[in-house]
Amino acid sequence: MAQVTNDRPRTTNRLLSSLPAKEYQRLVPELERTILTFGDVLYDPGDTIGHVYFPNDSIVSLLSAVAERSTIEVGMIGNEGMAGISIFMGVDVSAARALVQGSGSAMKITAAAVRKEADRLGPLHNLLHRYSHSLLVQISQSSACNRFHRMEKRLARWLLMTGDRLGVDEFRLTQDFMAHMLGVRREGVNKAAGVLQTRKLIRYTRGMIKILNRPGLETYSCPCYEIIKAESDEYLK
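A. Molecular detail of the nonpolar core. Residues Val52, Phe54 and Leu128 are the most contacted members of the largest nonpolar core, which totals 40 residues. For this core, the leading source of residues is helix H4 (residues 123-148), giving five residues. With 32 residues, the next largest nonpolar core counts Met161, Phe171, Leu173 and Tyr225 among its residues.

This is the structure:
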């Protein structure tokens, strides 16, 4: 369960930070800074979306069921976006599981308050419109990546995206969790991580991942990383 703090609503979420001061100040009375903890489930499929979340230094993964008791990550939301984007499209029921992948803070606000501000057809509406496209690009590109690219290339992309959204090059991830996110067996993750370690691109010990050579990891990753990153950066210009 997300834990609300009493801090003033300061944010490092890039979407919220892109709003003009006047529009952001209208949202301030409704915003709560909340702590998201690894493993928290914000929504399950079929849940009504009562609140949306703008991550600061946390990550929310969107998971889709691919078989009984099996899921795969189809989207990753960090400080570039918002969890609960479907409410902007007039749909208040979640189609995917929203799972906290990286602990940290987020700005929490009711779905009704976001709709009210977006209905003004001003800057927030425009940003959410562009973010919806950016997330769609990420989901479609990730789906193609999961189907056609080798496991070690996919893992490189996923680690880069995780590091980007957490803002660090070292983070805690177990093999079981990575396998769950990438929709593969644990043995597949172990083998792929071994390839990246042999190339001295990462170090993986006791559930901790450290990116040792980010330029090298970017070069080794499939092109999907650059496509997704370029789209995310572009909409926030």
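B. Structural context of helix H3 (residues 111-118). Turning to H3, its buried residues number three or more, namely Ala111, Ala113, Val114, Glu117 and Ala118. One side of H3 carries all its buried residues, which in axial view fall inside an arc of 165°. Structurally, H3 contributes buried residues whose contacts are with helix H2 (21-27), strand E4 (51-55), strand E8 (104-110) and H4.

C. Fine view of the side chain of Ser105. Here Ser105 shows up in strand E8. Under the relative-accessibility criterion, Ser105 is labelled buried at 4%.

D. Region of interest: the packing of aromatic side chains. A complete count under the given rule lists three aromatic pairs for this structure. The interplanar angle of 55° and the centroid separation of 6.3 Å between the aromatic rings of Tyr43 and Tyr53 together place this pair among those described as tilted. Placement of Tyr43 in strand E3 (residues 41-43) and of Tyr53 in strand E4 is noted, with a sequence separation of ten residues between them. You'll find Tyr43 and Tyr53 in the same group, each marked buried. Taking the centre distance of 5.7 Å and the plane angle of 45° together, the rings of Tyr131 and Tyr235 count as tilted. Of the two residues, Tyr131 sits in helix H4 while Tyr235 sits in helix H9 (residues 224-235), which places them 104 residues apart along the sequence.

E. Structural view of the environment of Asp176. Mapped onto the secondary structure, Asp176 falls in helix H6 (residues 175-182). Overall, Asp176 belongs to the partly exposed group, its relative accessible area being 49%. For the pair Asp176 and Glu187, spaced eleven residues apart in sequence, the C-alpha to C-alpha distance is 9.4 Å.

F. Spotlight on the packing of H3 against H4. In contact at an axis separation of 7 Å, H3 and H4 are set at 105° when each is read in the N-to-C sense. Here H3 lies roughly perpendicular to H4, going by the angle between them. Contacts from Val114, Glu117 and Ala118 in H3 reach Leu124, His125 and Leu128 in H4. Counted by class, the contact of H3 with H4 contains four nonpolar, one polar and one charged residues.

G. Structural detail: helix H7 (residues 186-198). Compared with the 18 Å implied by 1.5 Å per residue over 13 residues, the 18 Å span of H7 between its first and last C-alpha is a close match. Along H7, the residues that are buried comprise Val189, Ala192, Ala193 and Leu196. When H7 is viewed along its axis, its buried side chains cluster within an angular range of 100° and face the same direction. In this structure, H7 carries Glu187, Lys191 and Thr198 as exposed residues pointing more than 90 degrees from its buried face. Check the buried side of H7 and you find it contacts helix H5 (151-166), H6, strand E10 (202-205) and helix H8 (214-220).

H. Quick peek at the pattern of salt bridges. Tallying each qualifying case throughout the model produces twelve salt bridges. Glu218 is paired through a salt bridge with Arg214; the nearest N and O atoms lie 3.6 Å apart. With a gap of four residues between them, Glu218 and Arg214 both fall in helix H8, about one helical turn apart. Owing to a relative accessible area of 27%, Glu218 belongs among the partly exposed residues under this scheme. Judged by relative accessible area, Arg214 falls into the buried class, the value being 19%.

Definitions and cut-offs
- Residues numbered from 1 in each chain as written.
- Predicted model: local features only at pLDDT ≥ 70, side-chain atom pairs only at ≥ 80, totals over all residues.
- Heavy atoms only, no water.
- Core = buried A, V, L, I, M, F, W, Y, C linked by side-chain atoms within 4.5 Å.
- Buried < 20%, exposed > 50% of the residue type's maximum accessible area, 1.4 Å probe, protein only.
- Helix = DSSP H or I, 4+ residues; strand = E, 2+ residues; numbered from the N terminus.
- Arc of directions from axis to C-beta.
- Contact = heavy atoms within 4.5 Å.
- Phe/Tyr/Trp six-rings, centres within 6.5 Å; stacked < 30°, edge-to-face > 60°.
- Axes fitted to C-alpha atoms, helices over the stretch in contact; angles between N-to-C directions.
- Parallel < 35°, antiparallel > 145°, perpendicular 65-115°, else oblique.
- Nonpolar A, V, L, I, M, F, W, Y, C, P; charged D, E, K, R; others polar.
- Expected span 1.5 Å × (residues − 1).
- Salt bridge = Lys/Arg side-chain N within 4 Å of Asp/Glu carboxyl O.

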